[in-house]
Amino acid sequence: MEIVVCVKPVPEAETRLRVSADGTRLDPEGVKFVLAGYDESAVEQALLLKESIAGSRVHAISFGPAPRTEEVLRASIALGCDQATWIEAPTPVPDDPVLAARALARAIASAPHDLVLCGKQAGDDESAIVATALGELLGVPVFGYVVDLKWDPGRSRLTFHRVMESGQESWESPLPCVIGLQQAWNDPRTARLPMILKSRKAPITKATMPDPAGNSRSVPAKFELPVARTGAKLIEYKSPEEAALKLVRILREDAKVFP
Amino acid sequence: MTSRIVVVGEVHHDHLIEATLEAIGKGRELAGSEGVVGFVGGSHAETAASEFARFGIGEVRWARDGVLDDRAAGRFAPTIATVADLEKASLILVGGTNFGRDLAGHLAIRWNAGTATGVTDVRTDGESLTVRRPVFGGRATETRRLEGPRAVLALRPHAFAVAPESVVPPHILPVPTAEVPSAWGGTKCLGTEVVPAGSGPALTDAAIVVSGGRGVRAPENFHLVEELAASLGAAVGASRAVTDAGWRPATFQVGQTGKSVSPQLYIAVGISGAIQHIVGMVSSRVIVAINSDPTAPIFKVADYGIVGDLFQITPALTSEIRKVRGL
Amino acid sequence: MPVVGSRRAMPDFSLTPEQESLRDMARKFARTEMAPHAAECDRTARFPEEIYRKAFDLGLMNLNVPADYGGSGLASLEQCLIVEELAYGCGGMTTSIIANCLALEPILLLGTPEQKSRVLTPFCSKYQLASFALTEPSGGSDAGAVRTRARRQGDHYFLDGEKCFITNAPHATLYTVFATVDPDKRHRGVTAFMVPRSAEGVLPGKDEEKMGHRASSTGTVRFENVRVPESDRLGGEGEGFALAMRTLDQTRTPIGALATGIAQAALDHAAKYALKRETFGRPIAEHQAIQIKLANMAQAVHAARLLTWHAAWTIDHGGKGTLESSIAKCFASDAALHVADEAIQTFGGYGYMKEYPVEKLLRDAKLTQIYEGANEIQRTVIARELLREYQ
């Protein structure tokens, strides 16, 4: 099976967030970029499938700027991916998941792809759009929030569960298709030291991104960090009922955390 | 944006889900009741289709084909895009559940629209749409401008108010189901295992957490905390004092030697706010504290506080929330 | 600062992407596999073999053995980057993980190609532990006074004696043993041997109960008339002492890294706590007494790390590195003890409680001042190397 896995470099979870000088995005200065968490699960799933289906290969693809994207692809190779393609994005990085999907789709369409795996969402923008947009662009079925992915060679069907708010759905799909993974079947493996050393020398194919002009409809305008807490606003009340009423109103209108 | 808005309904157990009612509310706010058209899909969606009218939306389009009985958003997208074009809509709103977010991704391509998910605020200023959404696990907020004539927004659940009830005469128009791309032909939903009721969300994933502390005084009083949590669909947590005393298992403990949570809303009931607890919940977006002691350190990190007797405040709060949520 | 032509030569302290990848991988292993079990293993003195197996599977053991013989073949600086990260997770587990490096180093330094391929390759091919057996009940620092006897008979030797405080001894399958062929010759009689556990008469003792590094296993090993063929002798008779010293030249620096990892963990705990804990109406990090403490701790950690890096760099660039590695080991271990002590003080009463992680760090730091060359000996080594430059 030819498996493509889409990976993204994101700031590591413990990063101190800072706003860029123009106020529109995260300041990347000093930020350490790593393979996105759900993408790690996607790579793990791809490798598990490769190990269970003879003659399979895993192709890691990423869209992003130097040097973080190349590093994340090398990390994927160190985990066991057979090849890697880097679609270089300009800096400042266009921060539009649909644009990313278009870039990935173009690279994937021209490569063998029976199954395309993506992580559910990236730890930074958390849009969860790339996988579904990719499915549309490639003209194949796409399913997100997938767990327990299995391949049934006898019936040539992928079987899996999707975790939805309404319950856990059981599905099957022919190939090719796009899967957005919510979790790995197993804990994602750690790259072995010898593989890390080997990955430094592995070749990475470069691909070009489609011309972004006219394609991006989603533009980041502001990036804000929450204001530091200054102490509770105490609610004045004469009866418990009044306190409850006031709090619910505040939560709904002021804090927008509507119960 | 004065053109129409399509609100896509998600149906669960024959009814529109709460996230759809929130989308209806926002749609009405942006375009007025006349400016909103509802949409449902699936062969069993009649009840859901008629629910739009309870919340002020008379015009509903219903694609009745059984191919839409599952939550495969890719099958819905062509029909919804067609309906939106026919209605001359410039905006599609959907509750940002997993289905809703999937749909947004499909429509971004199929309807060639500017798209955003997890949206917590929507503003229009003439031509463009500006949205706010949490990023980095809620540690930051970004504002995006969506450009172009069309936009799709998946609204973050609980970020918007449910539409006020406003009964209007329903006009449900059946619409043809657009052809599903042939690639979807071999896909099949084999069944759904429903999440059992009463098993609340996991503590670390929950959007809302209600925790109880030593102020609850005895294990037989802890139900006040749990009832408040249930009214909010929230997860239940506890301070170390409670778990140490054996009132609840250690898995409930939020704090330095317990779990770290960062929900949208954290309500601390009878918790003094010792640092060991604070470090486990301080990154919550909004913190509410209920405590009889005005000098309790919890009021330093909380956004809102009620100084008072939790045995009276908590049940009053539970009751008010149940009322507001129609439970 | 040396001036080269019209340019000033400056050291480059940045890590290569490869070094960062190695460090990140070790950090991930330490934080996800080691740290969650550190307190439990410390409390129960459990030897977490499953963690050591994982370390082996990931290539974190046998770091110094060349890839040709099945190891990871890393230079000293890369080893230090990894060891510091592992020690941040748990000092005790790190001691057992890197004990293989110490035990195998003599084979790397003085083993013939035949010995290396016969012993190292099978050893590194699967998970197993090795021990460096030098210390004896009658002498640790006085390594020249080894009493374990190696009596020659034809083409083999018989070993008799007892070693103590040997890391991994209760579990090891291979011992690098230092014995004397002639006690009257003192250090000139010391000879090194490779001895498999399976040899008759090798009697590993039980696990000792220790103050710290309790996830590591330490014990005696007795040799009763153990037959060792000449082909398992490393180098010639009487070359053992020099071999031991050269071995320690290589392994001192990673101990500096181990101590740095413990110190960094202590500093991190103390700083985070100081920002949250409030007394007298504000976080204790705003009190000058705590600020001065944290400043001193930070100085110590930074210096320990840089001294270790410099020693590793010196060795990797062909230098003997005795002075540099002694300074690094001595400074870093003293720093670790002091920083851990101050971390407990920062936590106050909570720091004294076993539920909090800092008191373990003090107990773990203490050993770094004692093993792999006690700091008193390090200081005599430093003095000797230093004074040589003035003669």
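Bear in mind the structure is a predicted one, so any value in this text is a computation, not a measurement.

**Considerations on the overall build of chain C**
Argument step 1. Across its full length, chain C carries 11 helices and 12 strands.
Argument step 2. A compact globule built from 391 residues should have a C-alpha radius of gyration of about 21 Å, and chain C, at 21 Å, falls within 12% of that.
Argument step 3. C-alpha atoms of chain C, sized along the principal axes, occupy 80 × 60 × 40 Å.
Argument step 4. Looking at chain C as a whole, 55% of its 391 residues qualify as buried.
Argument step 5. In chain C, the proportion of contacts linking residues at least 24 apart, taken out of those at least 6 apart, comes to 74%.
Argument step 6. When the accessible surface of chain C is totalled, it reaches about 17000 Å², and 55% of it is carbon and sulfur.
Argument step 7. For chain C, the centre of its 45 positive side-chain charges and the centre of its 48 negative side-chain charges are spaced 2 Å apart.

**Section: the overall build of chain B**
Argument step 1. A tally of regular secondary structure across chain B gives 9 helices and 18 strands.
Argument step 2. Its C-alpha atoms give chain B a radius of gyration of 22 Å, within 12% of the compact-globule value 20 Å for 327 residues.
Argument step 3. Considered along the principal axes of its C-alpha atoms, chain B spans approximately 60 × 45 × 40 Å.
Argument step 4. Going through the 327 residues of chain B one by one, you find that 56% of them count as buried.

**Regarding the interface of chain A and chain B**
Argument step 1. Opposite the 76 residues of chain A that make contact, chain B presents 84 residues.
Argument step 2. Counting the surface lost from both chain A and chain B, the interface buries some 7000 Å², and carbon and sulfur atoms represent 56% of this.
Argument step 3. At the boundary of chain A and chain B, one finds 4 salt bridges.
Argument step 4. The shortest N-O distance in the salt bridge between A:Asp95 and B:Arg144 comes to 3.4 Å.
Argument step 5. For the pair chain A and chain B, the number of links is 24 residue pairs in polar contact (both at pLDDT 80 or more).
Argument step 6. Contributions of two or more residues to the side of chain A that touches chain B are made by α3 (97–109), α4 (130–138), β7 (142–152), β8 (157–164), β9 (167–173), β12 (218–224), β13 (233–234) and α6 (240–254) of chain A.
Argument step 7. Per element, the largest residue contribution to the side of chain A that touches chain B is 11 residues, and it comes from α6(A).
Argument step 8. In the sheet, β13(A) pairs with strand β18 (residues 304–307) of chain B via 2 bridges, with the strands oriented parallel. Bridge pairing in β18(B) places A:Lys233 opposite B:Tyr304.

**A word on the sheet that holds strand β9 (residues 128–135) of chain B**
Argument step 1. The strand order β12(A)-β10(B)-β9(B)-β8(B) describes an open sheet built from 4 strands, whose pairing is antiparallel. Only two strands of the sheet have a single neighbouring strand rather than two, namely β12 of chain A together with β8 (121–125) of chain B. On average, adjacent strands in this sheet sit at an angle of 25° to one another, irrespective of strand direction.
Argument step 2. Here β8(B) pairs with β9(B) via 5 bridges, running antiparallel. Bridging from a neighbouring strand, B:Val122 pairs with B:Val131 of β9(B).

**Concerning the interface of chain B and chain C**
Interface size, as often reported, equals the accessible area lost upon joining of the parts.
Argument step 1. Listed by partner, the interface residues are 7 residues for chain B and 7 residues for chain C.
Argument step 2. Between chain B and chain C, the buried area comes to about 670 Å², and carbon and sulfur atoms account for 51% of it.
Argument step 3. Across the salt bridge formed by C:Glu278 and B:Lys300, the nearest N and O atoms sit 3.5 Å from each other.
Argument step 4. Scanning the region where chain B abuts chain C turns up 1 residue pair in polar contact (both at pLDDT 80 or more).
Argument step 5. For the side of chain B that touches chain C, the residue count by class is 2 nonpolar, 3 polar and 2 charged.

**Some remarks on the pattern of salt bridges**
Argument step 1. Enumeration over the complete set of coordinates arrives at 64 salt bridges over all chains.
Argument step 2. Residue C:Asp24 pairs with A:Lys32 through a salt bridge whose shortest N-O separation is 2.7 Å. With C:Asp24 in helix α1 (residues 17–44) and A:Lys32 in the loop between β2 (9–11) and β3 (33–35), the pair connects residues from two separate chains.
Argument step 3. Here A:Lys206 makes a salt bridge to A:Glu88, at a shortest N to O gap of 2.8 Å. A residue pair is termed long-range when its members are at least 10 positions apart, and A:Lys206 in strand β11 (residues 205–207) and A:Glu88 in strand β5 (residues 83–88) qualify at 118 residues.

**Quick notes on the pairing of strand β6 (residues 115–119) of chain A**
Residue and element names in this part refer to chain A.
Argument step 1. The buried fraction of β6 amounts to 5 of the 5 residues, a majority that puts the element mostly inside the structure.
Argument step 2. Neither face of β6 is left uncovered, since the one carrying Leu115, Leu117 and Gly119 and the one carrying Val116 and Cys118 both have all their residues buried.
Argument step 3. Relative to β6, strand β1 (residues 2–7) runs parallel, the two sharing 3 bridges. Opposite Val4, over in β6, you have Val116 as the bridge partner.

**Describing the nonpolar core**
Argument step 1. By size, the foremost hydrophobic cluster in this structure holds 92 residues, and its most contacted members are A:Val5, A:Leu117 and A:Ile179.
Argument step 2. Not counting residues up to four positions away in its chain, the partners in contact with A:Val5 are A:Ala42, A:Val43, A:Ala46, A:Val58, A:His59, A:Ala60, A:Ile61, A:Cys81 and A:Leu117.
Argument step 3. Of all hydrophobic cores here, the second largest spans 43 residues; its members include C:Ala265, C:Ala274, C:Ala335 and C:Ala343.

**Some details on the packing of aromatic side chains**
Argument step 1. Evaluation of the coordinates by the stated rule reveals 12 aromatic pairs over all chains.
Argument step 2. Between C:Phe56 and C:Tyr127, the ring centres sit 6.5 Å apart and the planes meet at 70°, which makes this aromatic pair edge-to-face. With C:Phe56 in helix α2 (residues 49–57) and C:Tyr127 in the loop between α5 (113–125) and β3 (130–133), this pair connects stretches of sequence that are 71 residues apart.
Argument step 3. In this structure C:Tyr127 comes out as buried when scored by relative accessible area, which is 13%.
Argument step 4. Taken together, a centroid distance of 5.3 Å and an interplanar angle of 55° make the contact between C:Tyr350 and C:Tyr356 tilted.
Argument step 5. Relative accessible area serves as the criterion here: at 31%, C:Tyr350 is assigned to the partly exposed category.
Argument step 6. When its relative accessible area of 5% is taken as the criterion, C:Tyr356 is described as buried.
Argument step 7. Aromatic ring contacts, followed pair by pair, group A:Phe143, A:Phe160, A:Trp171 and B:Trp184 into a single cluster.
Argument step 8. The lysine or arginine in question, B:Arg150, covers the ring of B:Trp111, its NZ or CZ lying 5.9 Å from the ring centre.
Argument step 9. Taking NZ or CZ as reference, C:Arg31 lies 3.9 Å from the ring centre of C:Tyr88, over its face.

**Section: the packing of helix α4 (residues 91–110) of chain C against α5(C)**
Residue and element names in this part refer to chain C.
Argument step 1. The interhelical angle for the contact between α4 and α5, taken along N-to-C directions, is 155°, at an axis separation of 10 Å. Considered as vectors, α4 and α5 are oriented roughly antiparallel to each other. Judged by the sense of rotation from one axis to the other, the crossing of α4 with α5 is left-handed. Residue-level inspection shows Asn100, Leu104, Ile107, Leu108 and Leu110 of α4 in contact with α5, the latter providing Gln115, Lys116, Val119, Leu120, Phe123 and Cys124.

**Quick notes on the side chain of C:Thr191**
All names here are of chain C.
Argument step 1. Looking at the secondary structure, you find Thr191 in strand β7 (residues 190–196).
Argument step 2. Overall, the relative accessible area of 0% leaves Thr191 in the buried class.
Argument step 3. A distance of 3.1 Å separates the side chain of Thr191 from the backbone oxygen of Gly189, its partner in a polar contact.
Argument step 4. One polar contact links the side chain of Thr191 to the main-chain amide nitrogen of Gly238, over a distance of 3.1 Å.

**Regarding the domain arrangement of chain B**
Argument step 1. In terms of domain boundaries, chain B breaks down into domain 1 (5–186) and domain 2 (203–324).
Argument step 2. Of note, the centres of domain 1 of chain B and domain 2 of chain B, computed from C-alpha atoms alone, are 35 Å apart.

**Notes on the sheet that holds strand β11 (residues 151–155) of chain B**
All names here are of chain B.
Argument step 1. Pairing is parallel across the open sheet formed by 7 strands, whose spatial order is β7-β11-β6-β1-β4-β5-β12. In this open sheet, the two edge strands, each paired with only one partner strand, are β7 (114–119) and β12 (171–175). Across the sheet, the axes of successive neighbouring strands diverge by a mean angle of 20°, strand direction being ignored.
Argument step 2. With 4 bridges connecting them, β7 and β11 associate as parallel partners. Across the sheet, Val119 pairs through a bridge with Leu155, a residue of β11.
Argument step 3. The strands touched by helix α3 (residues 73–86) are β1 (4–8), β4 (36–41), β5 (59–63), β6 (89–95) and β12; relative to β4, the strand with the most contacts, the crossing angle is about 155°.

What counts, and at which threshold
- Residues numbered from 1 in each chain as written.
- Chains lettered and ligands numbered in written order.
- Predicted model: local features only at pLDDT ≥ 70, side-chain atom pairs only at ≥ 80, totals over all residues.
- Heavy atoms only, no water.
- Helix = DSSP H or I, 4+ residues; strand = E, 2+ residues; numbered from the N terminus.
- Rg over C-alpha atoms; globule rule 2.2 N^0.38 Å.
- Buried < 20%, exposed > 50% of the residue type's maximum accessible area, 1.4 Å probe, protein only.
- Contact = heavy atoms within 4.5 Å.
- Areas by Shrake-Rupley, 256 points an atom, 1.4 Å probe, with all protein chains shown as cover.
- Lys, Arg positive; Asp, Glu negative; His and termini not counted.
- Charge placed at Lys NZ, Arg CZ, Asp CG, Glu CD.
- Buried area = accessible area lost by both parts, 1.4 Å probe.
- Salt bridge = Lys/Arg side-chain N within 4 Å of Asp/Glu carboxyl O.
- Polar contact = N/O pair within 3.5 Å; in protein donor to acceptor, adjacent residues only side chain to side chain.
- Pairing = 2+ DSSP bridges.
- Axes fitted to C-alpha atoms, helices over the stretch in contact; angles between N-to-C directions.
- Nonpolar A, V, L, I, M, F, W, Y, C, P; charged D, E, K, R; others polar.
- Core = buried A, V, L, I, M, F, W, Y, C linked by side-chain atoms within 4.5 Å.
- Phe/Tyr/Trp six-rings, centres within 6.5 Å; stacked < 30°, edge-to-face > 60°.
- Lys NZ or Arg CZ within 6 Å of the ring centre and 35° of its normal.
- Parallel < 35°, antiparallel > 145°, perpendicular 65-115°, else oblique.
- Left-handed = near helix turned anticlockwise from the far one by under 90°.
- Domains from an automatic or database assignment.

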